[in-house]
Amino acid sequence: MAYQRRKRNEEVTSLDDEHAQIFTPINMEDGQPASYDGFIRIELSQEPVPYHVVKISPEHLDKAHCHAMAVAACRMGILTMDVIRGKLSANGLRRAASAKVIERLQRLAFIIETRMSRDDEYKARLKYPPVMPHWLSGTFISQTCLEMCMQLSIGREIYWSNLRFEQIGCRWVCTFADIG
């Protein structure tokens, strides 16, 4: 049985052969899913922002497509932070984000604005410094779905952003955005 698995280039992920889970790597040569690494240049950043995108679906996605999606995710992460802290209207994201995402961002912006109106120190820390991304890491779950995580900062505060993009027709739309 073990010989047949090795012959088919499959790996057992469990030690118990009767209930073993079989994982067939996408890239048979090194046993790892295809991934793309690169950098995004940000105007205010001294260094380029690194990204890592993994493709676990067998569909063809090239490096240029992964780079374009990393740039779109970086832009969306920055814009969502600007909406939350009151520097941008959520209406500006209508073409790029779903109605559910926009509604959630508007609710969060209202909560943050209420706190900023009572706490000047909090307002100074959150509203005035620029949003600076540090890195992005994502996975193409299918040819039409990308999930991306990014670390960013406002001043000295570090935040995380989780974004999900789905291809709807010919456009990529942000269908989930979580900032924390």
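Given the structure is predicted, the values throughout are model-derived calculations rather than measurements.

Visitor: Mind laying out the packing of aromatic side chains, listing which residues take part and the relevant values?
Guide: This model, assessed by the stated rule, comprises two aromatic pairs. Ring geometry for Trp135 against Trp160: centres 5.3 Å apart, planes inclined by 65°, an arrangement best described as edge-to-face. Residue Trp135 is located in strand β5 (residues 131-142), and its partner Trp160 is located in strand β7 (residues 157-168); the two are separated by 25 residues in the primary sequence. The partly exposed category is assigned to Trp135, whose relative accessible area is 29%. Taking the centre distance of 6.1 Å and the plane angle of 80° together, the rings of Phe140 and Trp172 count as edge-to-face.

Visitor: Help me get a handle on the sheet that holds strand β6 (residues 145-154), residues and values and all.
Guide: Read from one edge of the open sheet, six strands run β3-β4-β5-β6-β7-β8, paired in mixed fashion. Both edges of this open sheet fall to β3 (34-40) and β8 (171-179), since each of them pairs with a single strand only. Going across the sheet, the axis of each strand differs from the next one's by a mean of 20°, ignoring polarity. Sheet topology note: the β6/β7 ladder contains ten bridges and is antiparallel. Bridge pairing links Gln151 to Trp160 in β7. Helix-sheet contacts for helix α2 (residues 63-84) involve β3, β4 (49-55), β5, β6, β7 and β8, and the interaxial angle to β5 is about 130°.

Visitor: Which residues make up the pairing of β4, and what values go with them?
Guide: Extensive coverage of β4 is indicated by the burial of five of its seven residues. Where β3 and β4 come together, seven bridges link them in antiparallel fashion. What sits directly across from Ala34, in β4, is Lys55. Here β4 pairs with β5 via five bridges, running parallel.

Thresholds, definitions, all that
- Residues numbered from 1 in each chain as written.
- Predicted model: local features only at pLDDT ≥ 70, side-chain atom pairs only at ≥ 80, totals over all residues.
- Heavy atoms only, no water.
- Phe/Tyr/Trp six-rings, centres within 6.5 Å; stacked < 30°, edge-to-face > 60°.
- Helix = DSSP H or I, 4+ residues; strand = E, 2+ residues; numbered from the N terminus.
- Buried < 20%, exposed > 50% of the residue type's maximum accessible area, 1.4 Å probe, protein only.
- Pairing = 2+ DSSP bridges.
- Axes fitted to C-alpha atoms, helices over the stretch in contact; angles between N-to-C directions.
- Contact = heavy atoms within 4.5 Å.

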